[in-house]
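A closer look at the structure
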Amino acid sequence: MDAIEAARAVVEEHHPEARAAFLGGSVVTGRRTATSDLDVVVLFHGAPAPYRASLQYADWPVEMFVHTEATWHAYVERELRKRRSPLLWMCADGLLLFDTDGLGARLAAQARKLTAAGPPPVSSEEIDDRRYAITDLLDDLAGSHDQSERLFMATELVRRTGELALAVGGSWGGGGKWLARRLETTAPGLSTRLHHGLQEVLDGRVETLVAVVDEVLGQTGGRLWFGYKRVGAL
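The rules we used
- Residues numbered from 1 in each chain as written.
- Predicted model: local features only at pLDDT ≥ 70, side-chain atom pairs only at ≥ 80, totals over all residues.
- Heavy atoms only, no water.
- Patch = residues over 30% accessible without salt bridge, like charges linked within 9 Å, V, L, I, M, F, W, Y side chains within 5 Å.
- Areas by Shrake-Rupley, 256 points an atom, 1.4 Å probe, with all protein chains shown as cover.
- Salt bridge = Lys/Arg side-chain N within 4 Å of Asp/Glu carboxyl O.
- Helix = DSSP H or I, 4+ residues; strand = E, 2+ residues; numbered from the N terminus.
- Buried < 20%, exposed > 50% of the residue type's maximum accessible area, 1.4 Å probe, protein only.
- Core = buried A, V, L, I, M, F, W, Y, C linked by side-chain atoms within 4.5 Å.
- Contact = heavy atoms within 4.5 Å.
- Pairing = 2+ DSSP bridges.
- Axes fitted to C-alpha atoms, helices over the stretch in contact; angles between N-to-C directions.
- Lys, Arg positive; Asp, Glu negative; His and termini not counted.
- Parallel < 35°, antiparallel > 145°, perpendicular 65-115°, else oblique.
- Left-handed = near helix turned anticlockwise from the far one by under 90°.
- Nonpolar A, V, L, I, M, F, W, Y, C, P; charged D, E, K, R; others polar.

On the surface, a nonpolar cluster with roughly 300 Å² of combined accessible area is contributed by Leu151, Phe152 and Leu202. The residue Phe152 is located in helix H6 (residues 147-168) in this model. Accessibility expressed as a relative area gives 59% for Phe152, which makes it exposed.

Below, the structure written as structure tokens:
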């Protein structure tokens, strides 16, 4: 059973009363792997939405995201403030499996409009928070000679530096594989350089990773430690 057939069948079996459904994720973007699952967004009139569930259907692992029209808008609004909205992208790039009353088409159009417009701008306060956290990690890395500590500090630096680069570039955020995919277009080559720097840290050398991180920090004013202050942040 192919992905589209399985996605339609699982919705019909579990939610025959659904108004609309989308199939999103890697299976419809040309990045499918042997472990890809079916990301299915289902739109209801009311209860039991909203909820999220993971299940197995035929040979497919399925993640089901069930919403009403109202909760879809509420979740998207909340995710937009974080500049990272998996729900929005599943509907913008996903395949509309069926649409009984036009809701699916309306939400797809809105999702495409919002994703094309890009995320809201990042605040200077958030940039400074990110700079401060990265500076702290760089200082810890410089002072540590414990390889176990260095491993975790370096991997955290890689993640935070990638996220800062996306914020500076005005890009949508992402986690895990989506962080790497967003960086491909926002900061070409950065993932490769961070990867190389991490490998160097594992071999006992921190200079390469530090140089890459400092380069990204330089786009925002460099390292930040002295003079940083946040009221109520303890």
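Text resumes after the structure shown.
Our focus in this paragraph is the nonpolar core. If you look at the biggest cluster of nonpolar residues, it comprises 26 residues, and the most contacted ones within it are Ile134, Leu138, Leu157, Leu183, Leu190, Leu209 and Val213. Ranked by residue count, the leading element in this core is H6, at 7 residues. Among all residues touching Ile134, those that are not within four sequence positions of it are Leu157, Arg160, Thr161, Leu164, Val213 and Leu217. Counting 21 residues, the second largest nonpolar core, distinct from the first, contains Ala6, Ala9, Ala18 and Leu23.

All right, on to the pairing of strand E3 (residues 51-57) then. As paired elements, E3 and strand E4 (residues 60-68) share 7 bridges and run antiparallel to each other. Paired with Tyr51 across the two strands is Val66, which belongs to E4. Linkage of E3 to E4, two consecutive antiparallel strands, is achieved through a turn of 2 residues, within which Ala58 is found at a positive phi near 55 degrees.

The next point concerns the sheet that holds strand E5 (residues 95-99). If you walk across this open sheet you meet the 5 strands as E3-E4-E2-E1-E5, and the pairing is mixed. Both edges of this open sheet fall to E3 and E5, since each of them pairs with a single strand only. Geometrically, the sheet is characterised by an average inter-axis angle of 20 degrees between neighbouring strands, direction not taken into account. Across the sheet, helix H4 (residues 103-117) is in contact with strand E1 (20-24), strand E2 (38-44) and E5; its angle to E5 comes to roughly 155 degrees.

The residue Asp39 is located in strand E2 in this model. We note that Asp39 is buried and unpaired, the nearest opposite charge coming from Lys177 at a distance of 6.3 Å. Setting aside residues no more than four positions away along its own chain, Asp39 makes contact with Phe22, Leu23, Gly24, Gly25, Glu63, Phe65 and Met90.

With their axes 10 Å apart at the nearest point, H6 and helix H7 (residues 177-186) run at an angle of 45 degrees to one another. On the basis of the axis angle, H6 is oblique to H7. Considering only the axes of H6 and H7, their crossing is left-handed. Contacts from Arg159, Gly162, Glu163, Ala165 and Leu166 of H6 reach H7 at Leu179, Arg182, Leu183 and Thr186. Of the residues contributing to the contact of H6 with H7, the split by class is 4 nonpolar, 2 polar and 3 charged.

Let us now look at the pattern of salt bridges. Applying the stated criterion across every chain, the model contains 18 salt bridges. Here Glu69 ties to Arg106 by a salt bridge, and the two come within 4.0 Å at their closest N and O atoms. Taken as a pair, Glu69 in helix H2 (residues 69-81) and Arg106 in helix H4 lie far apart in primary sequence, 37 residues in all. For Glu200, the salt bridge goes to Arg205, with nearest N and O atoms at 3.0 Å. Owing to a relative accessible area of 14%, Glu200 belongs among the buried residues under this scheme. Among the ionic contacts, a cluster of salt bridges with common partners joins Arg83, Glu126, Arg130, Glu156, Arg159, Arg160 and Glu163.

This brings us to unusual backbone geometry. Of the consecutive residues Ala47 and Pro48, the connecting peptide bond is found in the cis state with omega at 10 degrees. By secondary structure assignment, the location of Pro48 is in the loop between E2 and E3. Backbone torsion omega between Ala49 and Pro50 reads 0 degrees, so that peptide bond is classified as cis. Its location among the elements puts Pro50 in the loop between E2 and E3. A positive phi angle, near 55 degrees, is found at Ala58, a position not held by glycine. Looking at where Ala58 falls in the secondary structure, it is placed in the loop between E3 and E4. Although it is not a glycine, Arg83 sits at a positive phi angle of roughly 60 degrees.

Turning our attention to the environment of Met153. Note that Met153 resides in helix H6. For Met153 and Thr71, which are 82 residues apart along the polypeptide, the C-alpha to C-alpha distance reads 38 Å.

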